[in-house]
Amino acid sequence: MKNVYINSIASISAQKTLDNTSFLDTIEDYEANVLPVIHPNYKEYIPPAAARRMAKGIKMGVVASKIAIQESGLENVDAIITGTGMGCVRDSEKFVSAIIDNDEQYLTPTSFIQSTHNTVGGQIALELQCKGYNFTYVHASTSFESTLIDAKLQLELDEEKNILIGGVDELGEHTTEIQKLVHLVKAEAVKTSEVLDSKTKGAVFGEGANFFVLSNEKQASTYAEVVAIKTYNTLAETEVVQEAIHFLNGSNLNIEDVDVLILGNNGDVDFDAFYTTLAEGFKNTQQANYKHLCGEFNTASSFGFWLASKVLKTQTLPEVVKANHTDTTSFKTILLYNQYRGENHSFTLLKQC
Amino acid sequence: MSKGVAITGMGIISAIGNNVAENYQSLIQGKKGISRVSKIKTNHVNDIMVGEIDFTNEALEQQLGLTSDNNYSRTALLGAVAAKQAIQDAGITDINAYKTGLISSTSVGGMDMTERYYYDYLEDKSTQKYIEGHHAGDSTQKIAEQLGIEKSLVTTISTACSSAANSIMLGARLIKSGQLDRVVVGGTDCLSKFTINGFKTLMILSDTYSTPFDENRKGLNLGEAAAFLVLESDKVVQAENKKVLAYVKGYGNANDAYHQTASSENGDGATLAMQKALDIAGYNPEDIDYVNAHGTATGNNDLSEGRAIIRVFGKNVPDFSSTKAYTGHTLAAAGAIEAVYSVLALQNNIIYPNLNFKTQMKEFNITPQLALKEKPLQTVMSNSFGFGGNCSTVIFSKEQ
């Protein structure tokens, strides 16, 4: 079995993450209940006429994938695997509301086509002219982790050499509105620096695209090795620590071997207990958070994966993500844990190369 | 590593039957399930024909024993019914006795409820329970719960009309690699105004019965359905002395990289998918006994697929037919529906007729199988193609 490496990364988020030479050097401090992304200059990557027709999620996905492929030094990839919880939800909203508002008349196909979940993966294949394997996973907070499981399987068995994976989701106005009603999105605007301790229901939502080229060959640009990944449709809060240990043991590691634990807590008073319980089990370990920076969305954990990749390559842990203070200065092994509203949990283990 | 990927159970609900036996009876009797839409209020009622399942949501909820405060979309209801049948058919009593995963697929997800309550959500609290049921993974989570799958790999694939074929593919790979001992794979999609209007704007809905591979084909009939298959490793089959219905022998996915919704003229992606599947199976084209085609009856698909079939099989194109004239095009579920039909074909040594065909297409000289045909079958190839250029092929066989 071959090892699996992260050879390049690209992130479009509510922070200035597009430039891979910087690493959260300056922080956008918001006071909001949704965090839209800082848009790249799309024209640099996509012809303006094409960009005008594209949904936001497609544009973000296409640009992030181009940056990731460029950094990997490849011309193309063997396969494209995309994760998205909701797809291009703004187009879904457009099409549903047009059906209702216009009583099924005067409809045009564009928003229907773009609301198909694999529209981002399909468009990336079109842009790259990549005729390889092309899957899209749409399973809530493990959509991105599913892409990782799939890519790892193929790279380990050497079925493919280089695979583009990514997580992408966009904010939609109506969706946010109704998600506020059921306390998925926080009712009140919260400061970035305070959201994780807000102790109120729901989360500050976000959007973004985080893409990576995974390969079974290491190169100069390599960020980290993907050691293990596991997802769980259910997991009880009381089982989280024990399951984390079990997961680490599977790679012959223990709690002491983890240099940083990256947690996906989002400040939702009803569900953060999963994270605090795990944090308690790793109380001597350096811990980090990230959802205050990018917001919560189905593929927000791909931002966590981006963060871990950066930490391992640069050997720095930005102050803004530190959840506690230890004297750890060398970062060799990172464990990520994520879940959303008590479902679809995941552990991901990355190692310095 | 498991050498074989055995199919040990199947469940299905479609417009031509509420279980495997009913579906098979309809298939061999040439009985299609296409009618005017009755459960969705749409202005297009007289312009389209659909493959609708008789049960109301309430009836399905009752079958599943759900209380009235449930928030199941019709997609989740259909999926749960079919998946439970599959588990029962496989004789599974303790689902967590082996490492068991679930890979479902859907394109519609909870859109049926979203389109119904879109604005009501803002005012009527009683409808708000469905808000969390909108995303595609929700139906899968519910199916996992219905099956009692816990702490395991549960995920959802959405690659439009090839989705369920891809869930079979991933399931087979997870078993082969030894990551799972058992995987429930399949797909579910209900009819919705969203898809009716979407396909309508693309002008690919027929106003009458769909006629796959016919020169005068006018487009597809939409359908709703769910089907699931239980895949098990050699280890489980041996330990439990399982009856094997068939094996997943080959699979391939490729991208046409041509257009977001249309297939390339010569079916590049489809050709690649079929060739990859043959490679994985270790088969030559002449080893395929029957092709259950995607055959949606759109002008574009049937031409592109037909050309791809000729590219792969040359002068010796095996018997082929599309079963979409029976069920309608069931979108993300289609690959699983047709997987069940492929396994039934193998079990019964039967090739289904391609209904409603009258006129030979002029672009090529291959003709689908028109009458029910008995023939010893060892292998069946099933094609599923979708938007985003997504092309998938799965090969089923009697032999491991």
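Residues numbered from 1 in each chain as written. Chains lettered and ligands numbered in written order. Predicted model: local features only at pLDDT ≥ 70, side-chain atom pairs only at ≥ 80, totals over all residues.

(A) Quick peek at the overall build of chain A. Within chain A, the regular secondary structure consists of eleven helices and 14 strands. Here the C-alpha radius of gyration of chain A, 19 Å, is about what a compact globule of 353 residues would show, namely 20 Å. Put simply, chain A has 353 residues, and 60% of those count as buried. (Helix = DSSP H or I, 4+ residues; strand = E, 2+ residues; numbered from the N terminus. Rg over C-alpha atoms; globule rule 2.2 N^0.38 Å. Buried ≥ 20, exposed ≤ 12 C-beta atoms within 10 Å, placed from the backbone.)

(B) The environment of Tyr121(B), seen in detail. Its place among the elements puts Tyr121(B) in the loop between α4 (111-117) and α5 (137-147). Through-space distance from the C-alpha of Tyr121(B) to that of Ile131(B) is 7.7 Å; in sequence the pair is ten residues apart. Not counting chain neighbours up to four residues away, the residues in contact with Tyr121(B) comprise Ile178(A), Leu181(A), Thr127(B), Gln128(B) and Ile131(B). (Contact = placed C-beta atoms within 7 Å.)

(C) Layout of the sheet that holds strand β7 (residues 222-223) of chain B. Residue and element names in this part refer to chain B. If you trace the three strands from one edge of the open sheet to the other, you get β2-β3-β7, paired in mixed fashion. Because the sheet does not close on itself, it has two edges, and the strands there are β2 (34-35) and β7. In the sheet, strand β3 (residues 50-51) pairs with β7 via two bridges, with the strands oriented parallel. Within β7, the position partnered with valine 50 by the bridge is leucine 222. (Pairing = 2+ DSSP bridges.)

(D) View of the domain arrangement of chain A. Residue and element names in this part refer to chain A. Looking at the assigned domains, one finds that chain A contains domain 1 (5-215) and domain 2 (226-351). For domain 1 versus domain 2, the separation of C-alpha centres amounts to 21 Å. Every contact between the two is made by 47 residues of domain 1 and, on the other side, 37 residues of domain 2. Going through the elements one at a time, β1 (5-12), β3 (34-35), α6 (143-156), β6 (162-169), β8 (205-206) and β9 (208-215) are the ones with two or more residues in the side of domain 1 that touches domain 2. For the side of domain 1 that touches domain 2, the element with the highest residue contribution is α6, accounting for seven residues. (Domains from an automatic or database assignment.)

(E) Region of interest: the interface of chain B and chain A. Taken together, the contacts link 54 residues of chain B with 50 residues of chain A. Looking at the side of chain B that touches chain A element by element, the count peaks at five residues for helix α7 (residues 193-201) of chain B. Class assignment for the residues of the side of chain B that touches chain A results in 19 nonpolar, 28 polar and seven charged. (Nonpolar A, V, L, I, M, F, W, Y, C, P; charged D, E, K, R; others polar.)

(F) Region of interest: helix α6 (residues 163-176) of chain B. Residues and elements named next belong to chain B. Compared with the 20 Å implied by 1.5 Å per residue over 14 residues, the 20 Å span of α6 between its first and last C-alpha is a close match. Burial within α6 is extensive, with 14 of its 14 residues counted as buried. Glycine 178 lies just past α6 and shows a positive phi near 85°. (Expected span 1.5 Å × (residues − 1).)

(G) Region of interest: the environment of Thr21(A). One can find Thr21(A) in the loop between β1 and β2 (31-32). For the pair Thr21(A) and Glu256(A), spaced 235 residues apart in sequence, the C-alpha separation works out to 31 Å.

(H) Representation of the nonpolar core in the model. Counting 236 residues, the largest nonpolar core has Leu214(A), Ile7(B), Ile168(B), Ala227(B), Leu229(B), Leu231(B) and Val340(B) as its most contacted members. If one sorts the elements of this core by residue count, helix α12 (residues 334-348) of chain B sits on top with ten residues. Once residues lying within four places of it in the same chain are set aside, the contact partners of Val340(B) are Met10(B), Ile12(B), Val20(B), Asn23(B), Ala227(B) and Leu229(B). Within the second largest apolar cluster, six residues are counted, among which are Ile178(A), Met113(B), Tyr130(B) and Ile131(B). (Core = buried A, V, L, I, M, F, W, Y, C linked by C-beta atoms within 7 Å.)

(I) View of the domain arrangement of chain B. Residues and elements named next belong to chain B. Domain boundaries assigned for chain B yield domain 1 (6-239) and domain 2 (248-397). Between domain 1 and domain 2, the residue contacts involve 63 residues of the former and 56 residues of the latter. At the level of secondary structure, the elements contributing two or more residues to the side of domain 1 that touches domain 2 comprise β1 (6-13), α1 (20-29), β3, α6, β6 (182-189), β7 and β8 (225-232). The element that contributes the greatest number of residues to the side of domain 1 that touches domain 2 is α6, accounting for seven residues.

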